[in-house]
Amino acid sequence: MEPSLATALVITAVLVIKTAVLELRDPGSARREWAFVTDKVALAGGSLTALAMGAAGWAYGGYGVVAWALLAGLLVAQVMGRRSQR
């Protein structure tokens, strides 16, 4: 496993653990934090970001870039999903 891929997987694991700890402290917070999964606009934005980054970086970095592109798409979707909470 290349270092870039491992780093992206570790960051993803940290985000999941953070969600679990917050859920233990405040029940229902995980549902609020991951509500963007049901938001079609947020999912479209995240998917487009992941696709564009993955396609542009595939030749440069292979699977490591794809992992980072998926992580970036997830974070973009999460930020876009928060627009509806305002």
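Every value quoted in this text rests on a predicted model; they were computed, and no experiment measured them.

Caption draft 1: Spotlight on the side chain of S29. Mapped onto the secondary structure, S29 falls in helix α2 (residues 29–33). Judged by its relative accessible area of 11%, S29 is buried. Here the side chain of S29 touches L22 through a polar contact of 3.1 Å, landing on its backbone oxygen. Contact partners of S29, with chain neighbours within four places excluded, come to L22 and E23.

Caption draft 2: Region of the structure containing helix α3 (residues 40–61). Counted at 1.5 Å a residue, the expected span for α3 with its 22 residues is 32 Å, and the 30 Å between its end C-alpha atoms agrees. Along α3, the sharpest change in direction is near 35° and occurs at A55. For α3, the set of buried residues is A42, G45, G46, A50, G54 and G57. For α3, the elements touching its buried residues are α4 (63–81). Measuring from the backbone nitrogen of V41 back to the side-chain oxygen at the start of α3 gives 3.2 Å, which picks out D39 as the cap. Once α3 ends, the next one or two residues include G62, with phi positive near 65°.

What counts, and at which threshold
Per chain, the residues get numbers from 1 upward, laid out in the order the sequence is written. Note on the predicted model: pLDDT of at least 70 is required for a residue's local features to be given, and 80 or more for side-chain atom pairs to be given and counted; whole-chain, interface and lining totals, by contrast, use all residues. With hydrogens and water set aside, each side-chain value is computed from the structure's full complement of heavy atoms. Starting at the N terminus, helices and strands are each numbered in turn, a helix being any DSSP run of H or I of at least four residues and a strand any DSSP run of E of at least two. Burial classification: accessible surface area is computed with a 1.4 Å probe over protein chains only, and a residue below 20% of its type maximum counts as buried, one above 50% as exposed, and the rest as partly exposed. We define a polar contact as two N or O atoms separated by no more than 3.5 Å, with the added condition that, inside protein, one atom must be a possible hydrogen donor and the other a possible acceptor, whereas residues neighbouring each other in sequence contribute only through side-chain atom pairs. Working rule for contacts: check all heavy atoms of both residues, and any pair within 4.5 Å makes them a contact. By definition here, a helix of n residues has an expected span of 1.5 Å times n minus one. We define the bend at each residue as the angle formed by axes fitted to the 7 residues ending at it and the 7 residues starting at it.

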